[in-house]
Amino acid sequence: PLLRRCCPTSGTVLHAGCGISSLSQDMFDDGYQHQLAVDFSEECMRHQQAACAARPQVANAVMDCALLGLRPDCGDCAVDKGTLDALLCMDAGDAAVASMGREVRRVLRDGGLWFVVSFNVPSEVVPIVHALRDAQTAVLVACQALFSGNGVLYVYACKLLKQGAAAPP
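In this text, all values refer to a predicted model and were calculated from it rather than measured experimentally. (Residues numbered from 1 in each chain as written. Predicted model: local features only at pLDDT ≥ 70, side-chain atom pairs only at ≥ 80, totals over all residues. Heavy atoms only, no water.)

**Student:** Tell me about the overall build of the protein, and please be specific about residues and values.
**Tutor:** Helices and strands together make up the secondary structure of the protein, namely 6 helices and 7 strands. Secondary structure elements in the protein, listed N-terminal to C-terminal, are α-β-α-β-α-β-β-α-α-β-α-β-β. Looking at the protein residue by residue over its 169 residues, the buried ones come to 47%. Contacts in the protein between residues at least 24 apart in sequence constitute 64% of all its contacts with a sequence separation of at least 6. (Helix = DSSP H or I, 4+ residues; strand = E, 2+ residues; numbered from the N terminus. Buried < 20%, exposed > 50% of the residue type's maximum accessible area, 1.4 Å probe, protein only. Contact = heavy atoms within 4.5 Å.)

This is how it looks when you write it as structure tokens:
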């Protein structure tokens, strides 16, 4: 529901580090017609291509979310469902998350939304978002705790503003 409120179905959605999640298929069925799901794993992307066979409009590509081969300002919304958590587990996790954040920021249009679904508490994620404020501003506009069978998930919605744009109050 938070995603639906903040990202219109007419928008272009990037799934950064999609793995084998069915979220892009579910969103397509919910009306999101313009999507690209990426993951660095060729095996995951073969799975995604098979899962999207009945939804050929959902694009899938092998791509590293920390080095996206996409043109700037081409998306309206980026969805990260666990990618930030996975990157933080790496030895150089902070640097990997920073690289992903810069790439997400680069490919989203002014006013684009970055949704992060994470097991990490706000005290861990909010500083990461604020650290991305150099070339553009990432403004946390919403944080919602969801309770699942695996514990608490947090959904962070960040609005990305180009440098010099006024941040909302």
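**Student:** Explain helix 6 (residues 122–130) to me, using residue names and the numbers behind them.
**Tutor:** Taken residue by residue, helix 6 has Val-125, Ile-128 and Val-129 as its buried positions. Mapping the buried residues of helix 6 onto a view down its axis gives an arc of 100 degrees, with all of them on the same face. (Arc of directions from axis to C-beta.)

**Student:** So what about unusual backbone geometry? Which residues, and what values?
**Tutor:** With a phi close to 55 degrees, Asp-73 is a non-glycine residue in the positive phi region. On the basis of relative accessibility, which here comes to 35%, the residue Asp-73 falls in the partly exposed class.

**Student:** Can you lay out the pattern of salt bridges for me, pointing to particular residues and giving the numbers?
**Tutor:** Across all of its chains, the model carries 4 salt bridges by this definition. With a shortest N-O distance of 2.9 Å, Asp-76 and Arg-109 are connected by a salt bridge. One end of the pair, Asp-76, is in strand 4 (residues 75–81); the other, Arg-109, is in strand 5 (residues 108–118), with 33 residues separating them in the sequence. A relative accessible area of 32% means that Arg-109 is categorised as partly exposed. (Salt bridge = Lys/Arg side-chain N within 4 Å of Asp/Glu carboxyl O.)

**Student:** Describe the state of the cysteines, and please don't skip the residues or the numbers.
**Tutor:** Simply put, disulfide is the name for a covalent bond between the sulfur atoms of two cysteines. Within the structure shown, the criterion is met by 0 disulfides. Looking at the unpaired Cys-7, the closest cysteine sulfur is the one in Cys-77, lying at 3.7 Å. (Disulfide = S-S within 2.5 Å.)

**Student:** Before we move on, could you go through the pairing of strand 3 (residues 58–62) and cite the residues and values that matter?
**Tutor:** Sheet analysis places strand 2 (residues 34–39) next to strand 3, joined by 5 bridges and oriented parallel. Counted as the bridge partner of Val-38 is Ala-61 from strand 3. Of the crossover connections in this fold, the one passing from strand 2 over helix 3 (residues 42–51) to the parallel strand 3 is right-handed. (Pairing = 2+ DSSP bridges. Right-handed = clockwise from strand over helix to strand, strands pointing away.)

**Student:** Hey, could you go over the confidence of the model for the protein for me, with residue numbers and the actual values?
**Tutor:** Confidence along the protein averages 86 in pLDDT terms, with 90% of residues attaining 70 or more. Within the protein, the element-level pLDDT minimum falls on strand 6 (residues 136–148), averaging 71, and the maximum on strand 2, averaging 96. (pLDDT = per-residue confidence, 0-100.)

**Student:** An account of the side chain of Arg-55 is needed here, citing residue identities and associated values.
**Tutor:** Looking at where Arg-55 falls in the secondary structure, it is placed in the loop between helix 3 and strand 3. Excluding residues that lie within four positions of it along the chain, Arg-55 makes contacts with Gln-25, Phe-28 and Asp-29.

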